[in-house]
Every structure is written in C-alpha cells, then in structure tokens.
Amino acid sequence: MAIGDKKATRESYGQALAELGEKYDILVMDADLSKSTKTDTFKKKFPDRFINTGIAEGNMISTAAGIASTGRVVFASSFAMFAAGRAFEQVRNSVAYPKLNVKIGATHAGISVGEDGASHQCLEDIGIMRTIPNMVIINPADHVEAMAAVEAAINYDGPVYLRFGRLAVPQIFDESYKFELGKGVTISEGKDATIVATGLMVPYAIEARELLAKEGIDAGVINIHTIKPIDAELLTEAAKKTGAIVTAEEHNVIGGLGSAVAEVLSETCPVPIKRVGTQDVFGRSGKPYELMELYGLTAENIAKNVKEAIALKK
Amino acid sequence: MNKETAIHAYKARKHALTGIYNAQSGHPGGSLSIADILSVLYFEVMNVDPKNPKMPDRDRFVLSKGHCAPALYGILAEKGFFPASDVATLRQTDSYMQGHPDMKGIPGIDMSTGSLGQGISAANGMALAGKLANKDYRVYTILGDGELEEGQVWEAAMFAAHYKLDNLTAFIDNNGLQIDGNIADVMNSNPIDKKFEAFNWNVITINAHDYDAILDAVNQAKATKGKPTVIIAKSVKGKGVSFMEGQAAWHGAAPKKEQYEQAIAELDAKIAELEA
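It should be emphasised that the depicted structure is a prediction, and the values quoted were computed from it without experimental measurement. Residue numbers run consecutively from 1 along every chain, following the written order of its sequence. Note on labels: chains are lettered from A, ligands numbered from 1, in written order. Only residues with pLDDT of 70 or above have their local features reported here, since the model is predicted, and side-chain atom pairs are shown and tallied only from 80 upward, although totals for entire chains, interfaces and linings are computed over all residues. The side-chain figures draw on all heavy atoms in the structure; neither hydrogens nor water molecules are used.

Participant: What am I meant to see in unusual backbone geometry here?
Facilitator: The phi torsion of most residues other than glycine is negative, and most of the peptide bonds are trans. Cis geometry is found at the peptide bond from A:Lys228 to A:Pro229, where omega equals -5°. Labels follow the DSSP assignment, with helices taken as runs of H or I lasting at least four residues and strands as runs of E lasting at least two, numbered in each case from the N terminus. Assignment of secondary structure puts A:Pro229 in the loop between strand S12 (226-228) and helix H10 (232-242). In this structure, B:Pro191 follows B:Asn190 across a cis peptide bond, with omega equal to -5°. By the secondary structure assignment, B:Pro191 is in the loop between helix H7 (183-186) and helix H8 (192-198). Phi angles above zero are rare outside glycine, and B:Gln24 is one such case at about 50°. Remark: exposure states derive from per-residue accessible area (1.4 Å probe, protein chains only) relative to the maximum for the residue type, with buried under 20%, exposed over 50%, and partly exposed in between. Using a relative accessible area of 37% as the deciding quantity, one classes B:Gln24 as partly exposed. Even without being glycine, B:Asn134 reaches a positive phi, approximately 55°. Given the relative accessible area of 72%, B:Asn134 is considered exposed.

Participant: I would appreciate a short explanation of the packing of aromatic side chains in the present structure.
Facilitator: When we look at a pair of aromatic rings, we describe it by the centre distance and by the angle of the planes. Think of it this way: a Phe, Tyr or Trp ring, Trp meaning its six-membered ring, pairs with another when their centres are within 6.5 Å, and the plane angle makes it stacked under 30 degrees, edge-to-face over 60, tilted otherwise. With the rule as written, the count across this model stands at 13 aromatic pairs over all chains. Measuring from centroid to centroid gives 4.7 Å for A:Tyr13 and A:Phe164, while their planes differ by 25°, and the two rings are stacked. Linking A:Tyr13 in helix H1 (residues 9-23) with A:Phe164 in the loop between strand S7 (160-163) and strand S8 (168-170), this pair joins segments that are 151 residues apart in sequence. Overall, A:Phe164 belongs to the buried group, its relative accessible area being 1%. Ring geometry for B:Tyr42 versus B:Phe61: centroids 5.9 Å apart, planes at 70°, classification edge-to-face. Placement of the pair is B:Tyr42 in helix H2 (residues 28-45) and B:Phe61 in strand S1 (residues 60-63), with a sequence separation of 19 residues. Classification of B:Tyr42 as buried rests on a relative accessible area of 2%. Among the aromatic residues, ring-to-ring pairing joins B:Trp154, B:Phe196, B:Phe199 and B:Trp201 into one connected group. A ring is scored as having a charge over it whenever the NZ atom of a lysine or the CZ atom of an arginine sits within 6 Å of its centre and within 35 degrees of its normal. Directly above the ring of B:Tyr10 sits B:Arg13, whose terminal nitrogen or CZ lies 4.4 Å from the centroid. Sitting above the plane of the B:Tyr137 ring, B:Arg60 keeps its charged end 4.3 Å from the centroid.

Participant: Would you mind going over the interface of chain B and chain A with me for this structure?
Facilitator: Interfaces are frequently sized by the accessible area removed from exposure as the parts join. Contacts are assigned to residue pairs with any non-hydrogen atoms lying within 4.5 Å of each other. Taken together, the contact pairs 24 residues of chain B with 23 residues of chain A. Note on definitions: salt bridges are taken to be side-chain nitrogens of Lys or Arg within 4 Å of carboxyl oxygens of Asp or Glu. Joining chain B to chain A, the criterion identifies zero salt bridges. Counting of polar contacts relies on pairs of N or O atoms within 3.5 Å, with two restrictions inside protein: one atom must be capable of donating a hydrogen and the other of accepting it, and residues adjacent in sequence are counted only when both atoms are side-chain atoms. Where chain B touches chain A, the interface holds 10 residue pairs in polar contact (both at pLDDT 80 or more). Of all the elements in the fold, those that place two or more residues in the side of chain B that touches chain A are helix H5 (118-132) and helix H6 (151-162) of chain B.

Participant: Explain the sheet that holds strand S5 (residues 102-107) of chain A here, please?
Facilitator: The strands making up a sheet associate through hydrogen bonds between their backbones, and the pairing can be parallel or antiparallel. Residues and elements named next belong to chain A. Here a strand pair is declared whenever DSSP counts at least two bridges between the two strands. Ordered by their spatial adjacency, seven strands build an open sheet running S3-S2-S4-S5-S7-S6-S12, and the pairing between neighbours is mixed. Of all the strands in the sheet, just strand S3 (50-52) and S12 have a single pairing partner and so form its edges. Strand-to-strand twist of the sheet, defined as the mean angle between neighbouring strand axes without regard to direction, takes the value 20°. Here strand S2 (residues 27-30) runs beside strand S4 (residues 74-79); their pairing, made up of four bridges, is parallel. Across the sheet, the residue bridging to Met29 is Ala76, located in S4. Angular values range over 0 to 180 degrees, each being the angle between N-to-C directions of two axes fitted as lines to C-alpha atoms, with helices fitted over their stretch in contact.

Participant: Explain the pairing of strand S6 (residues 202-207) of chain B to me, please; I cannot follow it from the model alone.
Facilitator: Consecutive residues of a regular strand have side chains that alternate between opposite faces of the sheet. All names here are of chain B. As defined by bridge partners, S6 adjoins strand S7 (residues 229-234) across six bridges and the pair is classed as parallel. Bridge pairing in S7 links Asn202 to Thr229. Handedness of the crossover joining S6 and S7 through helix H9 (residues 211-223) is recorded here as right-handed. If the strands point away from the viewer and the path from the first strand over the helix to the second runs clockwise, then the crossover is right-handed.

Participant: Is there a simple way to explain helix H1 (residues 3-23) of chain B in this structure?
Facilitator: Side chains of residues three or four places apart in an α-helix project in the same direction, reflecting 3.6 residues per turn. Residues and elements named next belong to chain B. Each residue after the first adds 1.5 Å to the expected span of a helix. Between its first and last C-alpha atoms H1 spans 30 Å; for 21 residues at 1.5 Å apiece the expected length is 30 Å, and the two agree. Buried residues dominate H1, accounting for 15 of its 21 residues. A distance of 3.0 Å separates the backbone nitrogen of Glu4 from a side-chain oxygen at the start of H1, and that oxygen is part of Asn2. Of the residues one or two after H1, Gln24 is the one with positive phi, at around 50°.

Participant: Can you help me understand the pairing of strand S3 (residues 168-174) of chain B in this one?
Facilitator: Residues and elements named next belong to chain B. Of all seven residues in S3, seven are buried; the element is thus mostly enclosed. Here S3 shows two buried faces, one formed by Leu168, Ala170, Ile172 and Asn174 and the other by Thr169, Phe171 and Asp173. When strand S2 (residues 139-144) meets S3, the two strands line up parallel, connected through six bridges. By the bridge assignment for S3, Ile142 is matched with Phe171. Once you follow S2 into H6 and on to S3, the crossover reads as right-handed.

Participant: What is the right way to look at the sheet that holds strand S10 (residues 193-197) of chain A in this model?
Facilitator: All names here are of chain A. As summarised here, the arrangement of the five strands in space is S9-S11-S10-S13-S14, forming an open sheet in which the pairing is mixed. Only two strands of the sheet have a single neighbouring strand rather than two, namely strand S9 (185-188) and strand S14 (273-278). Each adjacent strand pair in this sheet contributes to an overall mean axis angle of 25°, direction not counted. Running at roughly 175° to strand S11 (residues 219-223), helix H9 (residues 202-214) makes contact with S9, S10 and S11 of the sheet.

Participant: Hey, could you run me through the pattern of salt bridges in this one?
Facilitator: In total, this model carries 23 salt bridges over all chains according to the counting rule given. Between A:Arg130 and A:Glu263 there is a salt bridge; the shortest N-O distance is 2.9 Å. Here A:Arg130 is found in helix H7 (residues 125-130), whereas its partner A:Glu263 is found in helix H11 (residues 257-268), with 133 residues between them in sequence. Take A:Arg130: its relative accessible area is 16%, and that puts it in the buried class. Note on A:Glu263: relative accessible area 43%, which makes it partly exposed. Close ionic contact of B:Lys135 with B:Asp57 constitutes a salt bridge, the shortest N to O distance being 3.0 Å. One end of the pair, B:Lys135, is in the loop between H5 and S2; the other, B:Asp57, is in the loop between H2 and S1, and 78 residues separate them in sequence. For B:Lys135, a relative accessible area of 37% translates into the label partly exposed. Here B:Asp57 falls in the partly exposed class, since its relative accessible area comes to 38%. Counted as one network, the salt bridges with shared partners bring together A:Asp25, A:Arg49 and A:Arg72.

In structure tokens:
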C-alpha cells in the first residue's frame, strides 16, 4: 500500500490481528460476523486461538472478561452497534469496572456502513464508551494508524475500544508514522483556526485546509486517534494559537469528539467551536459517499464551519 | 458429614447478617440459602490459598448472583482471606467490602459481579481459558433461580455446552423466590432441569443444605467428561434463621435490632449444637 491507496480499517484490523498473532499470544472472539469484521483472517491462521460465540454479543463480552481475568489478552469483535450498543452493560460491568484486558474491536461504525441503513449505522458508540471509567477509545484514520492502534491496544493494560469502518479509506500516513496512545497528531500547523478530526474525517479535514488556503485562510489540522484519554494539552495549545476550533467526526455531535473537545476547551481555553458530524439524527440507507454528502461529512462543510468559527471570534 | 464445614457455614451466616445489620442494607435471604454450598466448595473442594489469592492455577469461583456477596465474604473470612471484622463493615463508605463482589479490591474474589446473567459468562471464559492453556483448574459459579430469567444465562448455557466445558460446574440456588415474589408467579423459569438438559448439560438435583449431597454432586461433575454440569440445589431462602426462611420479603431487607439478635442467637445455638 502507498499514500492514497484505499483500504477499510476493518481490513487493517483483521490483518493486524493475523500478523500480531505471531508475536503475541492473543485470543480473538467474534459473534458470527468474522467475515465482516475480518477476524476470519486471524481465524484461518490461528484456528485454536479463535472463539466464535455465535450471535450473542453480551455473552461474548462477559466471556472475554472471564478469559482476560486469567491473564490473557483477548479481542472481542462485532459491529459497533452491537459491541457498544447491545453489550454496553457487559462492557461497563464485566470489563471496565474490573479494568480487564479486553480489547473491543468494533467495526462498521458510522454512517459509511451505507446500504444497511440506520439500524446498523452506529453514531453513538464514542459517546457511550466515553462515559465509562477506565475505557480507552481509539478511532484510527487509515490503514497505517489502524495497524499501529491494534498493537498499542495489546501493549496497554486495560480495556480498549477500537473503532473501525467498513468503507475503504485512503492511506494518509507513511511507514515512518509513530503511533502514541493518547497523543494527538498535528498534520498541519495553522494560524486562523484548527480543524480537529478523527477517523475517516481526517482526509476531509486535510482537503478542507486546502480549500480554505485558496481563500487565504490558514487552518491547522489535528488528528485525534485516541478520543479517550484525549490530548488536552495539544488541543489547548491549538485553541490558544488559532482561537477557533472545528471538530469533524463520523458520529453524532452529541457525545463524540466534538463534545470531548468542547469539554476540554471550555475549561482550559474557551474559544468558538463548531462541530461537524451527524446532527442528532439517525442515518438511512444509501451509498456511503452519498450519505456522507447528505449528512455534511465533507471537506466543503468543514471549510464552511471553519469560516463560521472564525467569524465568531471576539 | 464434615462438622467443620457446617460450622463454617453457620459462622459465615453470622458474618453476613452482621454486615447487613450494620449497613442496614443488603440481601440476607439468598445469602443464607447459599452458605452451605459455599462452605463445601471452599473447605472441601476448591484449591485456593488465602495467602496467595491470585495463585494462577487456583480453582475459581464466580458468584453470578452477586447480591449474595455477604455469604461469600463470610466464607472467605472463615477461610482466612480477611478478618471477619471486615465483613462487619459491609457496604460502608470507608470499607472495601462492596455491596457486590469487587475483584479489584477484595482478596479471594475472582470476578466482579452484581449485574445478573454476566457471571456465568465470565465463568465460561475462565473455564475455556483453562482448557486452552491446558490447565486443570476448575471453575464454579452460583446463579439464582430468578437470575435464569436473564437471556444471557441461556447464551452462556449454549456456549458452555458447545465448548464442552466439563471443567465448569454451575449451581442454581433454587429457593423458588425472587424480589417480587414466587418465581412461578413472577416469571416461571421451571422446569429448570429440562431446560439445562435441552442445552446439553449434565444435570444433578440435590438438597442445597445436605453437605454430603453437595460434595457428592461436585464429584459427579468432576467425573463427567465432555459437558458442563449444573447442580440444581433445592434451597430454603433465609436458611438457618427461622423467621427469614421461605420469605421473599427477606430478599433485600436488613434485620432490625431485635431481629438481628434473635437471628444471631439461633445461629449460635446451631453452632453450639454442631460443636457439641
């Protein structure tokens, strides 16, 4: 793969598990979606370390907790809707409360699930997971970051929620990229405003910066892969330097990255903040890129919000 | 019958009731109904070391019906994991004795539980991990009969049989009562035996207060290969305290001073009788 080549982060998840399975004695669980979550890549290579629970996500999460209690690192995989939604209480009580080493691989997050429609387009998972103490949330932007995130999750002692997508997304980082849990990544410095993006919105944020540059606006871009714990220091620095923030995420603006950023900056450096994301609505069936357009998850909309945020200064 | 096992069970009942009385909060009914099973497990069956509670190859216990923690704390105190005086601080703000089992803060607790239906899944995970690692430890869990109304129990029941977890033994504390009344009236989980048979489990039914029967059933479970065992333990809610026996009202109510004193007097009399 090279910069710009497309691959869905769920593919990266499966690939990372299969590769890291050589190096680490991990177990991988799935609830009858291994062909979609791509854990079947691991299953084919390490059948003795793969556990299918059938269609029973709550049971999968609590079982993973029991496995982790014996000292093993275990990945539990399903769609975000079921991993964070249906199994919320198992995640909270069986995994997070005792801080067990369960890594939740949640694929098919967000509106870009496409044709399956609202029932499967989880736009609430970051918000749900963010409110649980002990939980770490990583939302990688591309293949390179997703691969690195899986290894970082293995090396972190405690629960991690990893958010992956179904849609193929462009590679934006090269092989020299160093992933650091909890640290935001400054992609471009700016002086008029800062776009803080996560997941598949990162390339749109980069594109928005280019659109704005044509109008003489200098917008910085920060990639936040770890939504919890969030890099408050970097965000505060950006707010102080540029005085306006726009967040971009494939998630409801309530509870997700936008909320997390607003929470930090309201305490450290209050500046105008505009939040790009789904505006507290359910999705619908359609082609992924048509839906992204429909719900405003575009470079143009980010650029528009940057101008609005700048206008709100002072 | 091993008299010591019975004595520990009755002393654990006292510790549990003392903690509940001091907190004026907790679940006496189910705690009293599982005390005998716990005593057999911890004093005659399980390989555990109070001096090394996290010993990797220990047998494991998960209290799936986590609200009966007072009885478990009582037995763990008898076993020497912590002093009985700590159980007396149950549910107090400055105590580590949480209302429901907390594996991070309480020695001897193998899984944090309290939300019904999740403990059996965690027990499955421990049992499966043991098999995958070629360990010969065994895993025990106790569920309530009301808990069987949780759908996750049956997801877990399917899983345990599918993965042939013959190192797992689940007890059903079958006292026939839940908070809102008789199981049969609130949401009938009967017939319990036929349900587990249909889920491909080895099923044994015993009297939950017959120490020899408990041990015998555990040994039968150990000898059963290729499937998990469920021991349906016909119990008396509130067992050991005359006015609590068979009363749903004592599911989650703390005794008043006179009631507590009477309960302790009855339990002391039973202990004296056993020690005689």
